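The chain contents come next:
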Amino acid sequence: MERWIGRVALVTGASVGLGKAISKALVEHGMVVYGCARDVDKIKSYSEQLKSKSAKGSLHAVKCDLRNEEEILSMFEEIKNNHGGVDVCINNAGINFDTTLLDGRTDQWRNMLDVNVLALSICTREAVKQMKEKNIDDGHIIHMNSMSGHRFASKGEHFYTGNKFMVTALTEGLRRELRAMGSHIRVSCISPAVVEGTEIGKRSRGEMVNSIRFPFKPLEPQDIADMVVYILAAPPHMEIHDILVRGTGQKI
Ligand SMILES: NC(=O)c1ccc[n+]([C@@H]2O[C@H](COP(=O)([O-])OP(=O)(O)OC[C@H]3O[C@@H](n4cnc5c(N)ncnc54)[C@H](OP(=O)(O)O)[C@@H]3O)[C@@H](O)[C@H]2O)c1
């Protein structure tokens, strides 16, 4: 990770869950991290904690509702004005509503598409634009996919599954576009099964993931943060395409 010290990473959905664990790990490795979310006070609060522990890097909180393109564009403008643009973009923010295809609500589907697919694509486009502007050829885009991007999960997750299958396609599509233009910017995704200790379950079904009884030990946010570090630390000739990962005892 030495080569990333002092370089700039954007982590979306940094207020809680996986985004918080990833942001902390990157700051501890010396990166200048911009963490975005709507509840920006949560990011400010652990940014202060990192400062008090004299972490090598720094964490800057940006308020951004990823459903709003204007807010995304002004976030990128802020990063460019303050730190010259991003070197790494981690499209982590994601939402899920417990909804079936036959009687789901259109506003919830739109909300999911906006955050899980459109914001990820807009942030990717803007990040690559900034990397090109500053002649960065070793930048990295990481999408937070899901095991649901590769197989069917429970009944109430078919729309979310469709979003994550799109993330699988967008990862390979982006890789091909970057290679076609002769760029060495790398693209990776991580596809976890159940991770405990995040809010996605509470937000979709009113239950914290760690309050649901699983007959196995789920993954932890730190496991995913470690994978991000592994992906970024890979030598330049190695592009990790996707990491599919489950808790050892998980059946599907
Ligand atoms: N946890 C799992 O079991 C699991 C498994 C596989 C894949 N994943 C994927 O991992 C990623 C992170 O999930 P998580 O479990 O950490 O979720 P989480 O705990 O619910 O956190 C979601 C994050 O996304 C942000 N977010 C949601 N809507 C937003 C919006 N409109 N604008 C800006 N930020 C928004 C939230 O911040 P604010 O609400 O403050 O805006 C929060 O920081 C997602 O892409 C998810 O699909 C999770």
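Residues numbered from 1 in each chain as written. Predicted model: local features only at pLDDT ≥ 70, side-chain atom pairs only at ≥ 80, totals over all residues. Heavy atoms only, no water.

A. Structural detail: the pattern of salt bridges. Here the structure, examined in full by the defined rule, presents 18 salt bridges. The salt bridge partner of Lys51 is Glu48, with a shortest N-O separation of 3.3 Å. With Lys51 and Glu48 both in helix 2 (residues 40-52) and 3 residues apart, the pair spans about one turn of that helix. We classify Lys51 as exposed; its relative accessible area is 57%. By relative accessible area, Glu48 is classed as partly exposed at 46%. Between Lys129 and Glu126 there is a salt bridge, and its shortest N-O distance comes to 3.2 Å. You can see Lys129 and its partner Glu126 sitting in helix 4 (residues 106-133), 3 residues apart, about one turn around the helix. Residue Lys129 is classed as partly exposed on the basis of its relative accessible area, which comes to 40%. Judged by its relative accessible area of 9%, Glu126 is buried. Three or more residues are tied together by salt bridges with common partners; here these are Arg3, Arg7, Asp87, Lys134 and Asp138. (Salt bridge = Lys/Arg side-chain N within 4 Å of Asp/Glu carboxyl O. Helix = DSSP H or I, 4+ residues; strand = E, 2+ residues; numbered from the N terminus. Buried < 20%, exposed > 50% of the residue type's maximum accessible area, 1.4 Å probe, protein only.)

B. The sheet that holds strand 4 (residues 88-91), seen in detail. Taken in spatial order, the 7 strands of this open sheet run 3-2-1-4-5-6-7, and their pairing is parallel. In this open sheet, the two strands that pair with only one neighbour each are strand 3 (58-63) and strand 7 (242-245). Across this sheet, the average inter-strand angle for adjacent strands is 15 degrees, counted without regard to direction. Examined bridge by bridge, strand 2 (residues 32-37) and strand 3 share 6 bridges and lie parallel to one another. From the neighbouring strand, Cys36 faces strand 3, where its bridge partner is Val62. Here helix 3 (residues 69-83) sits on the sheet and contacts strand 1 (8-12), strand 2 and strand 3; the angle it forms with strand 2, its principal contact strand, is near 160 degrees. (Pairing = 2+ DSSP bridges. Axes fitted to C-alpha atoms, helices over the stretch in contact; angles between N-to-C directions. Contact = heavy atoms within 4.5 Å.)

C. Looking closely at the nonpolar core. Residues Ile22, Leu26 and Ile224 are the most contacted members of the largest nonpolar core, which totals 35 residues. For this core, the elements supplying multiple residues, two or more each, are strand 1, helix 1 (17-28), strand 2, helix 2, strand 4, strand 5 (140-144), helix 7 (221-233) and strand 7. With 7 residues, helix 7 is the single largest residue contributor to this core. In this structure, Leu26 is in contact with Met1, Ala9, Val11, Met31, Val33, Ile90, Val228, Val229 and Leu232, ignoring residues within four places of it in sequence. Counting residues in each nonpolar core, the second largest holds 32 residues, with Leu10, Val32, Val128 and Ile185 among its members. (Core = buried A, V, L, I, M, F, W, Y, C linked by side-chain atoms within 4.5 Å.)

D. Representation of the environment of Glu172 in the model. Relative to the elements of secondary structure, Glu172 occurs in helix 5 (residues 158-180). For the pair Glu172 and Asp41, spaced 131 residues apart in the sequence, the C-alpha separation amounts to 35 Å. Among the polar contacts made by the side chain of Glu172, one reaches the side chain of Arg176 at a distance of 2.7 Å. (Polar contact = N/O pair within 3.5 Å; in protein donor to acceptor, adjacent residues only side chain to side chain.)

E. Molecular detail of the environment of Lys53. Along the chain, the position of Lys53 falls in the loop between helix 2 and strand 3. Residue Lys53 is classed as exposed on the basis of its relative accessible area, which comes to 61%. As for Lys53 and Glu28, which are separated by 25 residues in sequence, their C-alpha atoms are 9.7 Å apart.

F. Representation of the site of the ligand in the model. In the neighbourhood of the ligand, 31 residues make up the surrounding shell, with Ser15, Arg38, Tyr160, Thr198 and Glu199 lying closest. One of the backbone N or O atoms of Val195 is found 2.8 Å from an oxygen atom in the ligand. Protein contact buries 97% of the 880 Å² of open area that the ligand shows by itself. Contributions of two or more residues to the shell around the ligand are made by helix 1, helix 5 and helix 6 (200-205). Tallied by class, residues from the shell around the ligand come to 16 nonpolar, 8 polar and 7 charged. (Near = heavy atom within 4 Å. Areas by Shrake-Rupley, 256 points an atom, 1.4 Å probe, with all protein chains shown as cover. Nonpolar A, V, L, I, M, F, W, Y, C, P; charged D, E, K, R; others polar.)

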